[in-house]
Amino acid sequence: MNISEFKQAVKELGFDVSDRQLEQFEVYARVLKEYNEKVNLTAIVEREEVFLKHFYDSLTVLPYIEAAGASLCDVGSGAGFPSLPLKIMMPDLHVTIVDSLNKRITFLKHLVEELGLEGVSLYHDRAETFGQNAKFRGQFDYVTARAVASLPVLAELCMPLNKMGGSFIAMKGDGGPDELLEAKKIIATLGGKVREDVALELPEGAGERHLLIIDKKKETPNKYPRRPGMPEKKPVVS
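Overview of the structure. (Residues numbered from 1 in each chain as written. Predicted model: local features only at pLDDT ≥ 70, side-chain atom pairs only at ≥ 80, totals over all residues. Heavy atoms only, no water.)

**A look at the nonpolar core**
So, step 1. Phe-6, Phe-55, Leu-84 and Phe-107 are the most contacted members of the largest nonpolar core, which has 56 residues in total.
So, step 2. With eight residues, the top contributor of residues to this core is helix H2 (residues 19-36).
So, step 3. Residues contacting Phe-55, with those up to four places away along its chain left out, are Phe-6, Phe-25, Tyr-28, Ala-29, Val-50, Phe-81 and Pro-85. (Core = buried A, V, L, I, M, F, W, Y, C linked by side-chain atoms within 4.5 Å. Buried < 20%, exposed > 50% of the residue type's maximum accessible area, 1.4 Å probe, protein only. Helix = DSSP H or I, 4+ residues; strand = E, 2+ residues; numbered from the N terminus. Contact = heavy atoms within 4.5 Å.)

**Structural notes on the sheet that holds strand S7 (residues 208-216)**
So, step 1. Within the open sheet, the seven strands sit side by side as S3-S2-S1-S4-S5-S7-S6. Their pairing is mixed. For this open sheet the edge positions go to strand S3 (120-124) and strand S6 (192-201), each flanked by a neighbour on one side alone. Direction aside, neighbouring strands of the sheet carry axes that sit 20 degrees apart on average.
So, step 2. When strand S1 (residues 71-75) meets strand S2 (residues 94-99), the two strands line up parallel, connected through five bridges. Across the sheet, residue Val-75 finds its bridge partner in S2, namely Val-98.
So, step 3. Across the face of the sheet, helix H3 (residues 47-59) comes into contact with strand S4 (140-146), strand S5 (162-172) and S7 while running at roughly 150 degrees to S4.
So, step 4. Seen against the sheet, helix H5 (residues 102-115) touches S2 and S3 and runs at an angle of roughly 165 degrees to S3. (Pairing = 2+ DSSP bridges. Axes fitted to C-alpha atoms, helices over the stretch in contact; angles between N-to-C directions.)

**So, the pattern of salt bridges**
So, step 1. Taken as a whole and assessed by the stated rule, the structure comprises 16 salt bridges.
So, step 2. Among the salt bridges present, the one from Asp-16 reaches Lys-11, with a minimum N-O distance of 2.9 Å.
So, step 3. One network of salt bridges, in which partners are shared, links Arg-30, Glu-34 and Glu-114. (Salt bridge = Lys/Arg side-chain N within 4 Å of Asp/Glu carboxyl O.)

**Side note on a negative patch on the surface**
So, step 1. On the surface, Asp-174, Asp-178, Glu-182, Glu-201 and Glu-208 cluster together into a patch of negative charge.
So, step 2. In this fold, Asp-178 is placed in helix H8 (residues 176-182).
So, step 3. Taking relative accessible area as the criterion, Asp-178 reaches 57% and is therefore assigned exposed. (Patch = residues over 30% accessible without salt bridge, like charges linked within 9 Å, V, L, I, M, F, W, Y side chains within 5 Å. Areas by Shrake-Rupley, 256 points an atom, 1.4 Å probe, with all protein chains shown as cover. Lys, Arg positive; Asp, Glu negative; His and termini not counted. Charge placed at Lys NZ, Arg CZ, Asp CG, Glu CD.)

**Examining the pairing of S4**
So, step 1. S4 sits mainly inside the fold: six of its seven residues count as buried.
So, step 2. Two elements, S1 and S4, share three bridges in a ladder whose sense is parallel. Paired with Asp-74 across the bridge in S4 is Thr-144.
So, step 3. Pairing analysis gives six bridges linking S4 to S5, with the strands arranged parallel. Pairing of Phe-140 across the sheet is with Asn-162, part of S5.

Following this line, the structure appears as structure tokens:
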């Protein structure tokens, strides 16, 4: 995906990319490739692939972030996806990233500085302990996760962080609908209700995507998330 194709694809989502934002995406792609030579962050580093499979893919969430100045927590963000492309496009978005690998947090600190972003908080922590921390639990309008774990696991890690009335957005591939069925029990247990499964195709035959949007309707029971390792070891499945 070249620059003009990227701008057009984002325009079709309902958003215009400014020259400043485009410059930030260019810096992002460069820094990602350079840093990836020292620390393995992603297998996708070629510029046109980065714009399609990382940047544009992340921005498919844009139409579902409704509130100006909203708070978003990205769980297991890796190299900053989807939260930092969203932040570039929505400068007023308050972004919190939690990741269990310190090398990723170190990269993200460097990247945020290079991009000149403000209103980004970075935490090296397990999602299970982060979600039990009173400072963060129930504090976010939006919680996102992209290709981190199966949906029953992700729901347990992410939904305790949502405010009442907030939304958890899980970014999935073509297995999304099956994972949604599998996660039906834990979503209800956590106080969630499925709003929508948004199916879309990435340009250039890059694959099928599903944005699974789950709204927080009731408070999450205090026992969730369970202690580190338990959600993955013993997921609650339907």
